[in-house]
Structures are given as structure tokens and as C-alpha cells.
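These are the residues of each chain, in order.
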Amino acid sequence: MIDLTEVSGLSDRKIGEKCGLFGIYGRKGLQAARLTYFGLYTLQHRGQESSGISASDGKNIRTHKALGLVTQVYSEQNFKDLKGHMSIGHNRYSTSGGTHDSHSQPVTSRRGNDDMLVLAHNGNLPMHDNLSKFLQEKGFYTGGLNDSELMHYVIRYFFVKTGSLEEAVKEAFPMFVGAFCLLVMSKDKIVAVRDSFGIRPLALGKLGGGYVVSSETCAIDTVDGRFIRDIKPGEMIVISPKGLKSQQLAKPIPKLDIFEFVYFARPDSFLLGKRVYDVRRNMGIELANENPIKGGVVIPVPDSSIPAAIGYAYTLGLPLEFGLTKNRYIGRTFIMPDQHLRGMGVEMKLNPIKEVIKGKKVVIIDDSIVRGTTSKKLVAMLRRNGAKEVHIISSSPPVRFPDFYGIDTPSQKDLIGSHKSVSEIKKFIGANSLYYLSYKGLLKAIGIPEADLCTACFTGDYPIDIGRRKKKIKYSYQVL
Ligand code: AMP
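Residues numbered from 1 in each chain as written. Predicted model: local features only at pLDDT ≥ 70, side-chain atom pairs only at ≥ 80, totals over all residues. Heavy atoms only, no water.

1. Some points on the sheet that holds strand β10 (residues 203-207)
The pairing of strands in a sheet happens through backbone hydrogen bonds and is either parallel or antiparallel. How we decide: By the convention used here, strands pair only if DSSP detects at least 2 bridges between them. Comment: elements are numbered from the N terminus, with helices defined as DSSP H or I runs of at least four residues and strands as E runs of at least two. Axes, fitted as lines to C-alpha atoms, cover a helix only where it is in contact. Angles between the N-to-C directions of the axes lie from 0 to 180 degrees.
Read from one edge to the other, the open sheet built from seven strands follows the order β4-β3-β5-β2-β11-β10-β12, with strand pairing classed as antiparallel. Here the strands that pair on one side only, and so sit at the sheet edges, are β4 (61-67) and β12 (226-230). On average, adjacent strands in this sheet sit at an angle of 15 degrees to one another, irrespective of strand direction. Relative to strand β11 (residues 210-214), β10 runs antiparallel, the two sharing five bridges.

Structure, rendered in C-alpha cells:
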């Protein structure tokens, strides 16, 4: 029996990755890894735990990956080593599973530099027992492998069997149940594939004589590429010396995660043809229609709620002030391992400007309330700094259901909206008032039919089977 965990040096870990992908297939002579670095730098918001790049010159695949931010992970020497006109890269998002070097991607099958196939994954497979079973039946030991690694080995198995990367991905595709955008690279090809629900975004662009694939369009802009279109749910794109080929592997059932619009994507990206900035500003306009506060100063919680605050303040003719300064170099407080540290994280990250707040009716706009930690800390902080009234407005409805498709939101019991009513949450965070954008208002702001979105975090409506986890989900509150 071949022990796959031995081969790749992996240990036991928790699954749950939600990350950034970037890949380039360029003309011979292009230093693809250097451009991939800039793509990953632009996608830093999608993952801050680790980063990795694999590059191929058509003969050898070389990989460098490590824990840390994009700017910390790579040295000049790494780029000298990462030779070639083809490259895929990955930023990994922190999860509650702790940090370990072996979480880093692209997934490689060997240490050293003679890989036949490397893989980068954005998303999560809530059920993957079938993959372990399949590999075990073939004589592999799979203990401790996560979903991305299992996918890698299944594709590798078919690659060895068929000798063709696209055949391998095609064979493996029906076995993957969950959310996945994959970039898979062999020595001379890059395959990009998206699950048939398209839960996570993936965009295709043109770059010189070659192509670029990216989780978000903003990174295509950074490398001076031209965004062509979204890769379709269920579509496989093959880029090789013969050019670009597309094949639909499954019927598309589009369900882009609504939380990409709310929080996750950068405002300068396009999702389903919508500029995220415009959608978020619309959320502010909808909020102003639903809950027009009289007077006060509007302050966004930087950065993701800035467009909503602009829409809100502009519509109501209220002053907008950047009364909270964010330390942009602190990782997301959201993922801190315990509640005490998480609480401190908010203070390290956000600092109020006293003169903007003192004696004022302060209207704080945040994009979402998940555990309630940020809002509670903020209210106390603003009161300490002399705010007369603190009103909290969330530009999305209460997050009531955990995500199993790659945004590592906490278990349901930790989601404040799952077990407290709005008035109880208001009391808990100590605000003068609390208002959430309605679900209807959110859909209106996005302007895409509800049926084309995965709305699970707000509605509990999971488009992809989440298996035994479904039994644990409680549907105690009405969707607002
Ligand atoms: P909480 O403090 O747990 O209520 O989280 C809410 C804050 O976390 C808001 O300021 C959001 O901008 C941010 N947030 C929401 N979702 C995520 C996520 N998946 N990862 C990191 N931060 C998030």
C-alpha cells in the first residue's frame, strides 16, 4: 500500500479552504511565476495564511510554497528557480484547523522538483469519503489527507492511467461533490475547472499571446491582462501549446456564493458581470430606503463596507466620515483562535478618531455580523470615545447558517444570528439601534436572480448536499 501522506509529508488537519487562485499560460520566454506573484499579491484578501507558486518550463515543474503573506513567502532566488512560461499560484485562507506548512498549496505529489502534476483548489468538498475510498481500493493509504489533496491524487491516478491531463480531470470530475475551482498543471498544460454550481468565482483573461485564469478579475487587471469572461460552472478550460479549448463537463446550475458580493471579493472585481463596488453601494441605497436614520454621522467599518456607507450617506444626505482607521497589515480578526484574542484583534485593527465621534450620533455600517464580536467591541469603543448614540447597520441580513463550501464561517452555535433575535443581538452588542439589510433588499442590490446564487449563509438553503452535517442545522429563525 502506498502511503500518500508519507509521499507528500502531510499530517492530520481540518478541512475547509477558501482561497485565491491565479494561473498564467504565456508565450515561451515569459517569466510566468513573477506575474503570478503579482496576481497573488492582488488576491491577498482571499487568503493570508500561506502562499505557493508552481512553474513549468515544459520540462520540469518546480514549486515554492510557505506560510505567510505573499510578500513574505518569496525571495529573488525563488523566482530564479521558478522557471517557465506556465505557472499556477495559490493563497490559502486561514481556518480554525490551525496553521501548518503542509496546508500550503499548490498540492504537490513529491518533495523536490519532479512533479508530474500540481493542483490548486479554492472551495471545499463537504463530503469526500468517496475519494478516500476510491484511492484506498487502488491500494493507497489516505489517512489525514484533506479534500484538495484527495482531489489531487484522484486526478493523478487517472493521469497515470490515461496519459492525458484533460481526460484525467474529466474522469475525476463526477467524483467531486462540493465547491471547487481548480487549477491543475502538468508539464505542458494548465486545466482550469469549476464545479457545476460555480460556488466560487473563476475568471478567464487574455495576456499577450497567452491566457490568465484568476479567482477575481481585479488580479487580471494587475498583470495588465484583459478580462474575457467568467469560466462557466461545470466548464473545463484546457490551455496547451495548441491554444485554448473549452468543454462543458456538466450542466451548469449557477449558484455563486452571495457572500462573495457581501464581503469576500474585492470591490474592483466583476462577479457575474456586476462590479462589486456598484453592488455594495446599492446595498447602502437599499438600506437607506429601508431604514432612513435621521441625522448623525455615517462611519464605515473599513474596508468592505465603504461602498455601502457611501450609498447610505449619499442617499440620506448625511455626512460620511472615516472615523475608524484600520491597520491594514493585521490579518483578519475573524480567524483568531479564541474569543479573547479575537476581541483584542478588533482593537488592534480599528482605532477611532475621537474628534469625529465625540458628542455625535454615530451610524456604523458593517458588511456583516457573524459572531457579533466586532460590533460589540466597536460599540464599547465608540462610547468610550464619547459617542452620544451608536447605531449599527449591517449591509447584509443576519448570518444564520454555517458555510461548508469554502468560507470557513464558524459552527452554527457561534453565529449570533442563529440563536438570538435582532433585539437580543442589539442588547448583546449594546447599540442604541441595530438594523440589518433585508434579504429582499440584498437581492435587489445585487440584481441577479435568487435562483442563480448560493444563499445558504442567510437562508440555510444548501445547493450541494452537505451530508450528515445537515442534521445538525437548526432553522429556528425566519429569514429577515
Ligand atoms: P464578527 O466579529 O464575528 O461578527 O464578524 C464580523 C466581521 O468580520 C465584519 O466586520 C466582517 O467584515 C468580517 N467578516 C465577515 N465574514 C468574514 C470572513 N469569512 N472572514 C473574515 N472576516 C469576515
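2. Observations concerning helix α5 (residues 129-137)
So the rule is basically this: Burial classification: accessible surface area is computed with a 1.4 Å probe over protein chains only, and a residue below 20% of its type maximum counts as buried, one above 50% as exposed, and the rest as partly exposed. Starting at the helix axis, one direction is taken to each C-beta atom, and the arc is that of these directions.
If you check which residues of α5 are buried, you get Leu131, Ser132, Phe134 and Leu135. Each buried residue of α5 lies within a common arc of 160 degrees when the element is viewed along its axis, so the set occupies one face. Within α5, the exposed residues directed more than 90 degrees away from the buried face are Asp129, Lys133 and Glu137. Following α5 by one or two positions, Gly139 has its phi on the positive side, about 95 degrees.

3. Focus: the site of the ligand
Short version of the rule: By convention in this text, a residue qualifies as near a molecule or strand provided that one of its non-hydrogen atoms is within 4 Å of it. Two N or O atoms count as a polar contact when they lie within 3.5 Å, although within protein this holds only if one can serve as hydrogen donor and the other as acceptor, and sequence-adjacent residues are included solely when both atoms are side-chain atoms. The accessible surface values rely on the Shrake-Rupley method and a 1.4 Å probe; as for residues, cover is taken only from the protein chains in view. Any residue outside Ala, Val, Leu, Ile, Met, Phe, Trp, Tyr, Cys, Pro, Asp, Glu, Lys and Arg is labelled polar, Gly included; the first ten of those are nonpolar and the last four are charged.
In the vicinity of the ligand, 16 residues are found, and the nearest of them are Tyr93, Asp366, Asp367, Gly372 and Thr374. Taking Tyr263, its side chain carries an N or O atom lying 2.9 Å from a nitrogen atom of the ligand. At 2.5 Å, a side-chain N or O of Asp367 approaches an oxygen atom of the ligand. When the free accessible area of the ligand is taken as 500 Å², the share hidden by the protein chains comes to 94%. Every element with two or more residues in the shell around the ligand is listed here: α9 (258-264) and α14 (373-384). In terms of residue class, the shell around the ligand is made up of seven nonpolar, five polar and four charged.

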